[in-house]
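Notes for the structure review
Take a look at the letters that make up each chain.
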Amino acid sequence: MQDIAQTLTNIAIWAIPVVFAITVHEVSHGYVAHQLGDNTAYQEGRLTLNPLKHIDLIGTVIVPLLLFITTSFVFGWAKPVPVVQRNLKNPIRDMAIVAAAGPLSNFVMALFWALVLKFGVYMEASKMQGAFIVARMGEAGIIINLILGVLNLIPIPPLDGSRVVSSLLSPKAYRAYNRLEPYGFFILLFLLVSGVFQAIIAPPVNFLLNMLQTLIGVR
């Protein structure tokens, strides 16, 4: 029973950071697209921090839960915010900016959760009630946001990094590169199952984690 209670506690600690990391990521795409001329996400009611508008049953709930229970590694996604590239003022350049907004939001959120961790450590030192939950949730928020931020910078279509890279290509190379998009999910799945995925993102995630820990003075 104690193991079950501990597992449920861990799931509860991770649930809020995971849901909001994915939600804010998608809203950031939609908000920047709205500022650059595409109102699609706004018109569909997706410029909201209400997680229910963004949750994908498989990507936001089932996959992260199964991965957490079986591997302690968290990976997931939300329903993509719709962006119509041709509506943007400068379609190729602005699509890269819209894409970059998602990972950038995750790095900003990692900083926010670092401050939550700092406060949790202060609570623990002061023997305040709930200190453990606050500190562990801060840790979870840092980790999931760093993972999502780094992950989405990988230049495999349809990840955000591919949008940035494609904006730098010639028209012919741009079209050829984006033909990989239908196979992107399967490429990512292979990388995840083979362990290559973890090996790719672990170094930058650990580097950024160490930077944040140094910044807030918590190890």
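Residues numbered from 1 in each chain as written. Predicted model: local features only at pLDDT ≥ 70, side-chain atom pairs only at ≥ 80, totals over all residues. Heavy atoms only, no water.

**Describing the overall build of the chain**
From N to C terminus, the chain includes nine helices and zero strands. The C-alpha radius of gyration of the chain comes to 18 Å, within 12% of the 17 Å expected for a compact globule of 219 residues. Principal-axis analysis of the C-alpha atoms places the extent of the chain at approximately 60 × 35 × 35 Å. Counting all 219 residues of the chain, 42% fall into the buried class. Put simply, of all contacts in the chain between residues at least 6 apart along the chain, 67% involve residues at least 24 apart. (Helix = DSSP H or I, 4+ residues; strand = E, 2+ residues; numbered from the N terminus. Rg over C-alpha atoms; globule rule 2.2 N^0.38 Å. Buried < 20%, exposed > 50% of the residue type's maximum accessible area, 1.4 Å probe, protein only. Contact = heavy atoms within 4.5 Å.)

**Description of the packing of aromatic side chains**
Scanning all chains against the criterion turns up three aromatic pairs. Taken together, a centroid distance of 5.2 Å and an interplanar angle of 70° make the contact between F112 and W113 edge-to-face. Among the residues examined, F112 registers a relative accessible area of 47% and is labelled partly exposed. Centroid distance F119 to Y122: 6.2 Å. Interplanar angle 25°. Geometry classified as stacked. Here Y122 and F119 lie together in helix α4 (residues 91-125), a separation of three residues that amounts to about one turn. (Phe/Tyr/Trp six-rings, centres within 6.5 Å; stacked < 30°, edge-to-face > 60°.)

**Overview of helix α8 (residues 184-194)**
If you check which residues of α8 are buried, you get G184, L188, L191 and L192. Down the axis of α8, the buried set is contained in an arc of 100°. They therefore lie on one face. Away from its buried face, by an angle of more than 90 degrees, α8 presents the exposed residues F186, F190 and V193. A positive phi of about 90° marks G195, the residue just after α8. (Arc of directions from axis to C-beta.)

**Some points on the nonpolar core**
Counting 36 residues, the largest nonpolar core has I142, L146, I154, F197 and I201 as its most contacted members. Counting only elements with at least two residues in this core, the list comes to α1 (2-35), α4, α5 (131-152), α8 and α9 (196-216). When residues in this core are grouped by element, the largest group, 10 residues, is from α5. If you look at the next biggest cluster of nonpolar residues, it comprises seven residues, including V32, L36, L88 and M95. (Core = buried A, V, L, I, M, F, W, Y, C linked by side-chain atoms within 4.5 Å.)

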